[in-house]
Amino acid sequence: MPCLNYLQLFITALILSNRPTETIEPVAATSNQRPATGMMKASDLIKPYFIENRAKILIGLLSLIIVDLLQLFIPRIIKRVVDDLTAFELDGWQLLSYSLFMIGIAIFIGVFRYIWRRCLLGTARRIEEGLRNMLFGHLQCLSAAYFDGIKTGDLMAHATNDIQQIRMATGMGMVALNDAIVLGLASIGFMAYINVTLTAFVLIPMPLIVVSTRFFSRKMHHRYQTVQAAFSDLTEVIRERFAGIRIIKAHHRKEEEAARVEAASRNYVDMNLRLVKIIGSFFPMMLLFSNLSLAIVLYLGGRKTIMQDITAGDFVAFISYLGLLTWPMMALGWVTNLIQRGRASLDRINKILQTVPEIRDSQDAVTIENVQGQIVFDNVSFRYDSEPYQEKKATLSKIHLHIEPGMVLGVVGPPGSGKSTLISLIPRLYNIHRGRILLDGHDIRTLKIQSLRSQISFIPQEPFLFAATIRENITFGDRQIPEDRLKKALRDAALYDTVKGFADGLETVVGEKGVILSGGQKQRIALARCLLRDNAILILDDPISQVDLETGTTIINTIRKLAGQKTIIIVSHRLSAVSYADRIITLDLGHITESGTHQQLLDSDKYYAKTYHLQEIEEDLDAA
Ligand code: ADP
């Protein structure tokens, strides 16, 4: 392949491999989820893929070597043709046979190039796929506390950029290393075979190619990182402006926001121009160095040809070998960068994979079935902080609670008092620091997490919807669920008429995070999801926070109908939603400050009673 083509291939590969990774924070292992002691070596992660694909790798490397050798063969043919031509020893048929021979070589090169690309780059793709699946599978096992301490953007970068760097190191790294050694050494060998002195002179500028490729590929990598960062910034700025278009219009901020987009756009162009400058310098620099060698060949080689030290054919072949040598020299400079970056990425991935989930099944964990639904909080204390436990700073402190099967417990309290935290401890989203939580008499830490969670229907405060249809969001893609059960869940969640009003009904695609739906509709979809699962325990975190009074009443009535059949824990800022509960507790700064029935709490005239009366007045005003 001519030198310029190699340059283009190199730049393309470099650009593809250069995604911002070095800016990624090292993976934060929260204090509760530390990397395992006696950590596995990072290289052990990819070793199985190499072993499993050893036949393919071998075939790929052999094909790569065959391509290299076939390329090295071409200058030999050219030499023969030129020598025979200068001696006037060629006839038309011989010329034709040489031409056909060249075509044959080109076909073989094409076939073997296809094979090595499939085998070597294909294996690198398999490694990429396997690592990504492994990483995602492992991340899913890590506890909520892990995700509290890490940015989603960093996780995305690990799952995409780091893994891509590993692919580049294992795929193109292997190719570049092979070509640097095989094609490089063989070209030098063939050149030395023609003339050793000429080869020694021609090699003088070659270290410049190696060193400057190393230098430029690093620089390009860094500049490409800034281009990527500028691009992310630009897309984020535009995305945010579209998402907040109503606010922009309402506050007459069109000019300011347009200027913000223009600034981000200018920055993106500036960063690209910086990259173009370095790529623009790299091309001429490489041409200069390779032409330096060419100039040496023309002068010294030409003289040797005149002096008949070498033949005219040797002279032409020598120039062809020189063309072949440029790529291996560049590959030599590039391969160390590729491998260094791949190693660093592999270390980062390994660190995540070695992070032991804080919440995991104990060795003797048991499965729980046919749950009655009795939940006991026995002197439970909890704090989010990872520092050593301090009682006074606890998010929840000395909680004692006895919830009988079929009972409805209302949880109220000012914002930040610990309501959501309290209910998140039941499915063991976090581990408690002190005390015990019992389900039907079993400490939940002794139960298999999967079996514990499968007994609980949980609706978080901000329900998450996937960018799928309403049906898929409710059924989690389970097509076996009978239509009448689905309809009942929709009716119970006060969603039936709303869905019927949509042109596509249950097949309506809700958009990213359910963007086309109102907050209340999302909450009701989450409720329908839970009602469909029909678990013994139903936990709802403010299920009517975003619906109007009428819809809220419908939802509460549905939940009330379930009373006695399921254990229900309902957090609500609207006290009328819990007034029917068998028992209501008020939390304040992580302590239970009130406990009793609606009437008992009204009589005690504390937080519950005061808030209830205030909300009554508000509701009357709304109704009026
Ligand atoms: P509520 O549901 O009553 O509004 P929360 O249980 O959400 O209260 O929060 C209780 C306290 O815990 C608050 O001070 C809040 O800032 C803190 N908190 C909540 N979630 C987290 C978290 N994931 N990491 C650290 N602190 C948290």
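Residues numbered from 1 in each chain as written. Predicted model: local features only at pLDDT ≥ 70, side-chain atom pairs only at ≥ 80, totals over all residues. Heavy atoms only, no water.

Enquirer: Report on the overall build of the chain, specifying residues and quantitative values.
Expert: Of the regular secondary structure elements, the chain holds 21 helices and ten strands. In terms of C-alpha radius of gyration, the chain reaches 35 Å, well past the compact-globule figure of 25 Å for 624 residues. The long-range share in the chain, meaning contacts at least 24 apart out of those at least 6 apart in sequence, stands at 80%. Both charge centroids of the chain, one from 68 positive and one from 62 negative side chains, sit 6 Å from each other. (Helix = DSSP H or I, 4+ residues; strand = E, 2+ residues; numbered from the N terminus. Rg over C-alpha atoms; globule rule 2.2 N^0.38 Å. Contact = heavy atoms within 4.5 Å. Lys, Arg positive; Asp, Glu negative; His and termini not counted. Charge placed at Lys NZ, Arg CZ, Asp CG, Glu CD.)

Enquirer: Tell me about the packing of aromatic side chains, residues and numbers included.
Expert: In total, this model carries 13 aromatic pairs according to the counting rule given. Both rings, one in Y384 and one in Y430, keep their centres 5.1 Å apart while their planes meet at 90 degrees; by these two values the pair is edge-to-face. Note that Y384 is positioned in the loop between β1 (375-382) and β2 (396-403) and Y430 in the loop between α13 (419-424) and β4 (434-439), a separation of 46 residues in sequence. Aromatic pair F464 and F466: ring centres 5.2 Å apart, planes at 80 degrees, arrangement edge-to-face. One aromatic cluster is present, formed by F215, F216 and F282 through successive ring pairs. Taking the ring centre of Y496 as reference, the NZ or CZ of R491 above it sits at 4.1 Å. (Phe/Tyr/Trp six-rings, centres within 6.5 Å; stacked < 30°, edge-to-face > 60°. Lys NZ or Arg CZ within 6 Å of the ring centre and 35° of its normal.)

Enquirer: Tell me about the pattern of salt bridges, and please be specific about residues and values.
Expert: Under the definition given, this model contains 20 salt bridges. Of the charged contacts, one joins R348 and D162 as a salt bridge, the two residues approaching to 3.0 Å between their closest N and O atoms. Residue R348 is located in helix α12 (residues 312-353), and its partner D162 is located in helix α6 (residues 152-170); the two are separated by 186 residues in the primary sequence. R241 serves as the salt-bridge partner of E240, at 3.1 Å between the closest nitrogen and oxygen. Residue E240 is classed as partly exposed on the basis of its relative accessible area, which comes to 43%. Residue classification places R241 among the buried positions, given a relative accessible area of 18%. (Salt bridge = Lys/Arg side-chain N within 4 Å of Asp/Glu carboxyl O. Buried < 20%, exposed > 50% of the residue type's maximum accessible area, 1.4 Å probe, protein only.)

Enquirer: I'd like a rundown of the sheet that holds strand β6 (residues 456-459), residues and numbers included.
Expert: Sheet architecture is open: six strands sit in the order β6-β7-β8-β3-β9-β10, paired in mixed fashion. Across the chains shown, the open sheet's two edge strands, defined by having one partner strand only, are β6 and β10 (591-596). Across the sheet, the axes of successive neighbouring strands diverge by a mean angle of 15 degrees, strand direction being ignored. Bridge count between strand β7 (residues 537-541) and strand β8 (residues 567-571): five bridges; the pairing is parallel. Bridged to D541 within β8 is V571. The strands touched by helix α18 (residues 519-533) within the sheet are β6 and β7, with β6 carrying the most contacts at an inclination of about 175 degrees. Running at roughly 150 degrees to β8, helix α19 (residues 549-562) makes contact with β7 and β8 of the sheet. (Pairing = 2+ DSSP bridges. Axes fitted to C-alpha atoms, helices over the stretch in contact; angles between N-to-C directions.)

Enquirer: Break down the site of the ligand for me, citing the residues and quoting the values.
Expert: Close to the ligand lie D148, Y384, T395, P414, P415, G416, S417, G418, K419, S420, T421 and Y430, which account for all nearby residues. Within the backbone of G416, one N or O atom sits 2.8 Å away from an oxygen atom of the ligand. Separating an oxygen atom of the ligand from a backbone N or O atom of G418 is a distance of 3.0 Å. Protein chains shield 58% of the accessible area of the ligand, which is 560 Å² for the free molecule. Looking at the shell around the ligand element by element, the count peaks at three residues for α13. In the shell around the ligand, the residues fall into four nonpolar, six polar and two charged. (Near = heavy atom within 4 Å. Polar contact = N/O pair within 3.5 Å; in protein donor to acceptor, adjacent residues only side chain to side chain. Areas by Shrake-Rupley, 256 points an atom, 1.4 Å probe, with all protein chains shown as cover. Nonpolar A, V, L, I, M, F, W, Y, C, P; charged D, E, K, R; others polar.)

Enquirer: Any details on α6? Residues and values, ideally.
Expert: The end-to-end C-alpha distance of α6 is 27 Å, a good match for the 27 Å that 19 residues give at a rise of 1.5 Å each. Along its length, α6 shows its largest kink, about 35 degrees, at H158. With respect to burial, α6 is a largely interior element, 15 of its 19 residues being buried. (Expected span 1.5 Å × (residues − 1). Bend = angle between axes of the 7 residues up to and from the residue.)

Enquirer: Describe the domain arrangement of the chain, listing the residues and the values that go with them.
Expert: One can read the domain layout of the chain as domain 1 (2-353), domain 2 (372-455 + 539-546 + 572-624) and domain 3 (459-534). Spacing between the C-alpha centres of domain 2 and domain 3 amounts to 26 Å. On the side of domain 3, eight residues touch domain 2, which itself brings eleven residues to the contact. When domain 2 packs against domain 3, the two sides together hide about 710 Å² of surface, and 38% of this comes from carbon and sulfur. In this structure, the connection of domain 2 to domain 3 is made through zero salt bridges. (Domains from an automatic or database assignment. Buried area = accessible area lost by both parts, 1.4 Å probe.)

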